[in-house]
Amino acid sequence: MKILQVSAELFPLLKTGGLADVAGALPAALQSEGCDVRVLLPGFTPLLDGLHKPACLSDLVTPWGDTVHLLYGDLGALGVKAYVIDAPGLYARPGNPYEDAHRHPYGDNHRRFALLGWVASLLAHGLDPHWRPQIVHSHDWHAGLACAYLALSRDRRMPRVGSVYTVHNLAYQGLFSAHHLAELGLPPVAMSLHGLEYHGQMSFMKAGLYYSDRITTVSPTYAKEIQTPEQGCGLDGLLRERGSVLSGILNGVDEAVWNPAVDKLIQSRYEAGKMAGKAQCRSALQNAFGLEAQSTRPVFGVVSRLTEQKGLHLVLAALDSLVAQGGQLVLLGSGEAWMEQAFRAYAENHPESVAVNVGYDESLAHRIFAASDVTLVPSRFEPCGLTQMYGFKYGSLPLAHRVGGLADTVVDCTLEDMATKQANGFIFDDFSQNGFERAMRRAFALYARRKDWADVVSHAMRLSMGWQRSASAYVALYRQLIA
Ligand code: ADP
Ligand code: GLC
């Protein structure tokens, strides 16, 4: 099966969140399942730089009249062939791929991401004479227009190309003024309730949801949640209507990247049953950040975007209690300025117990999972969440809100689930300060029972979280679609 994966980010070249981890790992996992996979990416500088032996496949004139080049090459270490759209006027900007230095979305984002979808549909229509996909699989709103261009320009004389659209986060929708419709080469009929129109604007997210053949999202629970008004971000009606083609496929963990037995980014390697290295990772991190060198009380870790979604105001308000119980916190994150500031201020007043790193640092993220005992993920909503799974792998038990993919992966340390070796973390139902702090007290209580703690950690670290299970679920979906 020939599959084109379309996404705006890809680890290790360009990453702002979990989307990149997925886009970086899924192609190879699909290839192991026998698929012939290529990826299509916008030409952000790190993505262009990552393309080995690029050749120009085609010069294209966009619907708004610019000339851009489609390059073809391979992504080296990833072992995947890729198309990259070389359009420096649109993509060659430093920093975040979506926003300027003041965190404002770029004014021409409609063009920057329409182009991604438009080129995907050209490839589906045979732009590359040597390779034509049978399925176009696009990810999040950045690639949502691929489904619209495909559906609206279907050529009945050509074999039909199926489209799969994966929602990684319904909260980011790609909304733009309806005035841009014609310049993007979309017909007026698209601007309707039965199309990509959303309250008078055009929605790239809705384009994906409306025009795709199959919709997936990144966990079974989130697939249900987004069909409710509470979590549907205004699109729950459409999602309910399309419920028969909507499913949840849980993300996996790239075990070549997130594995303490081979991880070169951490102080010492370790694995379940041979845990001495984890203690060294912990001392190294305490030392690096000037935290008290203690080994009898838990270290809590946070690696996260600092946004409303992640529920970290609960952590902030629980810091006095965390410190009073003897715990330590190491946080790495960036996002909303008020939250960065509040965590920083707390750390300045409690330097022995709390270390806060504002920024984005792949290597430090690994060191925090390795050094910590508990990974905090109290998200308000969470489509899948990867950090709780990285927590399992590194023996840092997740403490999470029972929502989305967290509900599908984290099993609370109740006595009955510990007895059956199901327990792997701490989970709270009530999204409140009390709910969070009770779960935190459970973590402290279990940590004091060293044998029980070690058993749960050992079980969590042995969980099989690799991409193969997810990849075979995607393959089953592609097969249905091709049939
Ligand atoms: P989301 O995609 O909503 O941000 P996920 O849990 O799916 O949440 O994925 C987050 C990814 O981004 C993980 O790989 C995590 O390690 C990484 N990450 C988040 N914030 C940072 C940061 N400040 N520095 C380094 N990595 C980060
Ligand atoms: C999104 C979601 C996150 C998910 C990730 C990868 O960023 O917020 O929950 O794990 O995409 O699918």
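See the structure above.
Residues numbered from 1 in each chain as written. Chains lettered and ligands numbered in written order. Predicted model: local features only at pLDDT ≥ 70, side-chain atom pairs only at ≥ 80, totals over all residues. Heavy atoms only, no water.

Chemist: Run through the site of ligand 1, naming residues and quoting values.
Modeler: Neighbouring residues of ligand 1: 20 residues in total, closest K15, G18, D21, R305 and K310. Contact between ligand 1 and G18: an oxygen atom at 2.6 Å from a main-chain N or O atom of the residue. Separating an oxygen atom of ligand 1 from a side-chain N or O atom of D21 is a distance of 2.6 Å. Contact with the protein chains hides 93% of the accessible area of ligand 1, taken as 560 Å² for the molecule alone. Among the secondary structure elements, those contributing two or more residues to the shell around ligand 1 are helix 1 (18-32), strand 13 (299-306), strand 14 (328-335) and helix 13 (387-393). Here the element with the most residues in the shell around ligand 1 is strand 13; it accounts for three residues. Counting contributing residues per domain, the shell around ligand 1 is built from domain 1 (2-252 + 467-482) and domain 2 (276-461), each supplying no fewer than three. (Near = heavy atom within 4 Å. Polar contact = N/O pair within 3.5 Å; in protein donor to acceptor, adjacent residues only side chain to side chain. Areas by Shrake-Rupley, 256 points an atom, 1.4 Å probe, with all protein chains shown as cover. Helix = DSSP H or I, 4+ residues; strand = E, 2+ residues; numbered from the N terminus. Domains from an automatic or database assignment.)

Chemist: Provide a residue-level description of helix 5 (residues 140-152), including the pertinent values.
Modeler: In this model helix 5 runs 19 Å from its N-terminal to its C-terminal C-alpha over 13 residues, within 8% of the 18 Å that 1.5 Å per residue would give. Within helix 5, eleven of the 13 residues are buried, which leaves it mostly tucked inside the rest of the structure. Buried residues of helix 5: D140, W141, H142, A143, G144, L145, A146, C147, A148, Y149 and L150, and no others. (Expected span 1.5 Å × (residues − 1). Buried < 20%, exposed > 50% of the residue type's maximum accessible area, 1.4 Å probe, protein only.)

Chemist: With reference to specific residues and values, describe the sheet that holds strand 16 (residues 374-377).
Modeler: Strand order in the open sheet formed by six strands is 15-14-13-16-17-18, and the pairing between neighbours is parallel. Sheet topology places strand 15 (354-358) and strand 18 (426-428) at the edges, where each strand pairs with a single neighbour. Mean inter-strand twist for the sheet, computed between neighbouring axes without regard to direction, equals 15 degrees. Here strand 16 runs beside strand 17 (residues 397-401); their pairing, made up of four bridges, is parallel. In the strand pairing of strand 17, V377 is matched with A400. Packed on one face of the sheet, helix 11 (residues 337-349) meets strand 13, strand 14 and strand 15 and runs near 145 degrees to strand 15. (Pairing = 2+ DSSP bridges. Axes fitted to C-alpha atoms, helices over the stretch in contact; angles between N-to-C directions. Contact = heavy atoms within 4.5 Å.)

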